[in-house]
Amino acid sequence: MPDLFDLVVVGGGVIGLSVAWRAAGRGLRVAVVDPAPATSRTAASYAAAGMLAPVSEVTYTEEPLLRLGLASLERWPAFAAELTRASGHDLDLRADGTLDVAFGSDDLAALDDLAAFTASLGLPAERLTGRECRRLEPMLAPSVRGGMLAGGDSWVDPRRVTAALLAALGRAGATLVPDRVTGLLTDSGAARGVRLAGGGGLSAGRVVLAAGAWSGSLEGMPPEVLPPVRPVKGQIMRLRSPEPVLGRCVRGAVHGSHVYLVPRGDGGLVLGATQEELGFDTRVTAGGLWELLRDARELVPGVTELEVTETIAGLRPGSPDNLPLVGPTIMPGLDLATGHHRGGVLLAPLTADLCANGDGADPVLADLAGLCSPLRFAGAAPPRPPGTGPVENTPREQR
Ligand code: GLY
């Protein structure tokens, strides 16, 4: 019997849908399996603010991640334009840069270090005084001490992106299967499709696991191919104002605690995000929201006047080295596209291209693929199921 599909993607978040869309564009018969593609409330793609900010989010020791982020940011304008053409959806992609600001003298010292680091890497980032920051963003508090403008950083509305991907996949003839995967179909040790909770299965030449935070604990998968991916909770608030409060994305440190504010084209403002290691817990807590508001108000006092439209907690797919896992596993026919942690939206176009470059035809992509090969963890133990060991609660972004 011939395979029903060339490719089955497990997971309908921004990564899975992007991989599927690229493959459908290459003429492959594609299916995406997800009980709630693009709309699962606890998935990272649905909660995400949409910062495309490899420069302002750069940290020491994470230069490989920066390389991936810059390569994907470069792809975003063409990816967005193509997706808009294919779907008819506007993605609210903006490229006005990210302003990183400092509140206390300790934050300013950290910002100076970051500015020196970005300069040493030749990145496009400009150090600004507090007054220069307020000239760019008049709603910033007088107490903001200084900042750094990462002029190339951008942002996008992730919910528009996933809705557009679903529409484009439909137009490209891909199949969406609203079901849960309960295992792999295998033949002589190779993946040949997936089993479905609703009964039956889908045969395919290749399976890509792109199930975000759930990728490390998918039912029915051979333990040796389960990636060491764990959920990292992020709480987010969405606010609305009649007039735009900010012209660009603002990230800030308030005595070492980080917060970001991402404006939406419709007057919305997204505040994020906590970073908590609590397994699959997705409760929105008073403490989480209080921390977000406490720090956001120090930087932009006017936020407390705004209407709250949504509070949400999503689960990022964290990996042991903060790099994604993209590419073939030790099982023939089974690839991964997961572990994107804080950068799933940013890294979606690159991930889709990496998956499409399986033969290594593009040497630039092949080089980047080496950074995120799942084989670096081959033989690693799967992550400990939540609740079976000590819980580390890291309440805010500690990087
Ligand atoms: N990229 C921002 C976050 O994960 O909170």
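Small disclaimer: the values here were computed from a predicted structure and weren't measured. (Residues numbered from 1 in each chain as written. Predicted model: local features only at pLDDT ≥ 70, side-chain atom pairs only at ≥ 80, totals over all residues. Heavy atoms only, no water.)

**Focus on the overall build of the protein chain**
And then number 1: In terms of regular secondary structure, the protein chain is built from 9 helices and 18 strands.
And then number 2: The C-alpha atoms of the protein chain give a radius of gyration of 21 Å, which matches the 21 Å a tight globule of 399 residues would have.
And then number 3: For the protein chain, the C-alpha atoms occupy an extent of roughly 70 × 50 × 40 Å along the three principal directions.
And then number 4: Looking at the 399 residues of the protein chain, the share that counts as buried comes to 56%.
And then number 5: Counting contacts in the protein chain only where the partners sit at least 6 residues apart, residues at least 24 apart contribute 75% of the total.
And then number 6: Accessible surface for the protein chain amounts to roughly 15900 Å². Of this, 55% is attributable to carbon and sulfur atoms.
And then number 7: Measuring between centres, the 36 positive side-chain charges of the protein chain sit 2 Å from its 44 negative side-chain charges. (Helix = DSSP H or I, 4+ residues; strand = E, 2+ residues; numbered from the N terminus. Rg over C-alpha atoms; globule rule 2.2 N^0.38 Å. Buried < 20%, exposed > 50% of the residue type's maximum accessible area, 1.4 Å probe, protein only. Contact = heavy atoms within 4.5 Å. Areas by Shrake-Rupley, 256 points an atom, 1.4 Å probe, with all protein chains shown as cover. Lys, Arg positive; Asp, Glu negative; His and termini not counted. Charge placed at Lys NZ, Arg CZ, Asp CG, Glu CD.)

**Observations regarding the pattern of salt bridges**
And then number 1: Using the criterion set out here, one finds 25 salt bridges in the structure.
And then number 2: A salt bridge links Arg 22 to Glu 82; the shortest N-O distance between them is 3.3 Å. Note that Arg 22 is positioned in helix H1 (residues 14-25) and Glu 82 in helix H3 (residues 63-87), a separation of 60 residues in sequence.
And then number 3: Close ionic contact of Asp 100 with Arg 251 constitutes a salt bridge, the shortest N to O distance being 3.6 Å. Of the two residues, Asp 100 is situated in strand E4 (residues 98-102) and Arg 251 in strand E13 (residues 249-254); the sequence distance between them amounts to 151 residues. A single burial state applies to Asp 100 and to Arg 251, both of which are buried.
And then number 4: Ionic contacts of the salt-bridge type, sharing partners, join the residues Arg 22, Arg 75, Glu 82 and Asp 353 into one network. (Salt bridge = Lys/Arg side-chain N within 4 Å of Asp/Glu carboxyl O.)

**Thoughts on the sheet that holds E13**
And then number 1: What the 8 strands build is an open sheet, ordered E5-E6-E4-E13-E14-E15-E12-E16; its pairing is mixed. Two strands in the sheet have a free side with no partner beyond their single neighbour: strand E5 (125-129) and strand E16 (307-318). Strand-to-strand twist of the sheet, defined as the mean angle between neighbouring strand axes without regard to direction, takes the value 20°.
And then number 2: Bridge analysis of E4 against E13 gives 5 bridges, and the strand direction is parallel. Bridging from a neighbouring strand, Ala 102 pairs with Ala 253 of E13.
And then number 3: Sitting on the sheet, helix H7 (residues 286-299) is in contact with E4, strand E12 (230-240), E13, strand E14 (257-263), strand E15 (268-272) and E16, with an inclination near 55° to E12. (Pairing = 2+ DSSP bridges. Axes fitted to C-alpha atoms, helices over the stretch in contact; angles between N-to-C directions.)

**Comments concerning the side chain of Asp 281**
And then number 1: When you line up the elements, Asp 281 lands in the loop between E15 and H7.
And then number 2: A polar side-chain atom of Asp 281 sits 2.7 Å from a polar atom in the side chain of Lys 233.
And then number 3: Apart from residues lying up to four places away in sequence, Asp 281 is in contact with Lys 233 and Leu 315. (Polar contact = N/O pair within 3.5 Å; in protein donor to acceptor, adjacent residues only side chain to side chain.)

**A short note on the site of the ligand**
And then number 1: Neighbouring the ligand are Met 51, Glu 57, Tyr 260, Ala 273, Arg 316 and Arg 342.
And then number 2: Here an oxygen atom of the ligand sits 2.6 Å away from a polar atom, N or O, in the side chain of Tyr 260.
And then number 3: Arg 342 is positioned such that a nitrogen or oxygen atom in its backbone is 2.7 Å from a nitrogen atom of the ligand.
And then number 4: Coverage of the ligand by the protein chains reaches 88% of its 190 Å² of free accessible surface. (Near = heavy atom within 4 Å.)

**Description of the pairing of strand E6 (residues 146-150)**
And then number 1: Within E6, 5 of the 5 residues are buried, leaving the element largely enclosed by the surrounding structure.
And then number 2: Burial along E6 is two-sided: Gly 146, Met 148 and Ala 150 and Gly 147 and Leu 149, pointing in opposite directions, are all buried.
And then number 3: One ladder, built from 5 bridges, connects E5 with E6; its direction is antiparallel. The residue bridging Leu 128 from the neighbouring strand is Gly 147, located in E6.

**Structural notes on the nonpolar core**
And then number 1: Core analysis: the largest hydrophobic core is formed by 46 residues, its most contacted members being Leu 68, Trp 76, Leu 83, Leu 91, Val 161, Leu 165 and Leu 169.
And then number 2: Residue assignment for this core shows that the elements contributing at least two residues are strand E1 (5-10), H1, strand E2 (30-33), H3, helix H6 (158-171), helix H8 (344-356) and helix H9 (363-371).
And then number 3: Apart from the residues within four sequence positions on either side, Val 161 is in contact with Val 14, Trp 76, Leu 83, Leu 91 and Val 156. (Core = buried A, V, L, I, M, F, W, Y, C linked by side-chain atoms within 4.5 Å.)

**Things to note about H8**
And then number 1: Taking 1.5 Å as the rise per residue, H8 with 13 residues should run 18 Å; its terminal C-alpha atoms sit 17 Å apart, in good agreement.
And then number 2: Maximal helix bending in H8 amounts to about 35°, located at Leu 350.
And then number 3: Taken across its 13 residues, H8 has 12 buried, putting it largely inside the fold.
And then number 4: Here H8 has its buried residues at Gly 344, Val 345, Leu 346, Leu 347, Ala 348, Pro 349, Leu 350, Thr 351, Ala 352, Asp 353, Leu 354 and Cys 355. (Expected span 1.5 Å × (residues − 1). Bend = angle between axes of the 7 residues up to and from the residue.)

**A short note on the confidence of the model for the protein chain**
And then number 1: Averaged over every residue, the pLDDT of the protein chain is 92; the share at 70 or more is 94%.
And then number 2: Here residues 380-399 scores under 50 on pLDDT; set against residues more than four positions off or in separate chains, the count is 46 contacts. (pLDDT = per-residue confidence, 0-100.)

**Things to note about H7**
And then number 1: Between the first and last C-alpha of H7 there are 20 Å, a value that for 14 residues agrees with the 20 Å anticipated at 1.5 Å per step.
And then number 2: Within the span of H7, buried status applies to Gly 288, Leu 289, Glu 291, Leu 292, Asp 295, Ala 296 and Leu 299. Buried positions in H7, seen along its axis, are confined to an arc of 160° and lie on one side of it. The exposed set on the far side of H7, more than 90 degrees from its buried face, consists of Ala 286 and Trp 290.
And then number 3: On the buried face of H7, the contacting elements are E4, E12, E13, E14, E15 and E16. (Arc of directions from axis to C-beta.)

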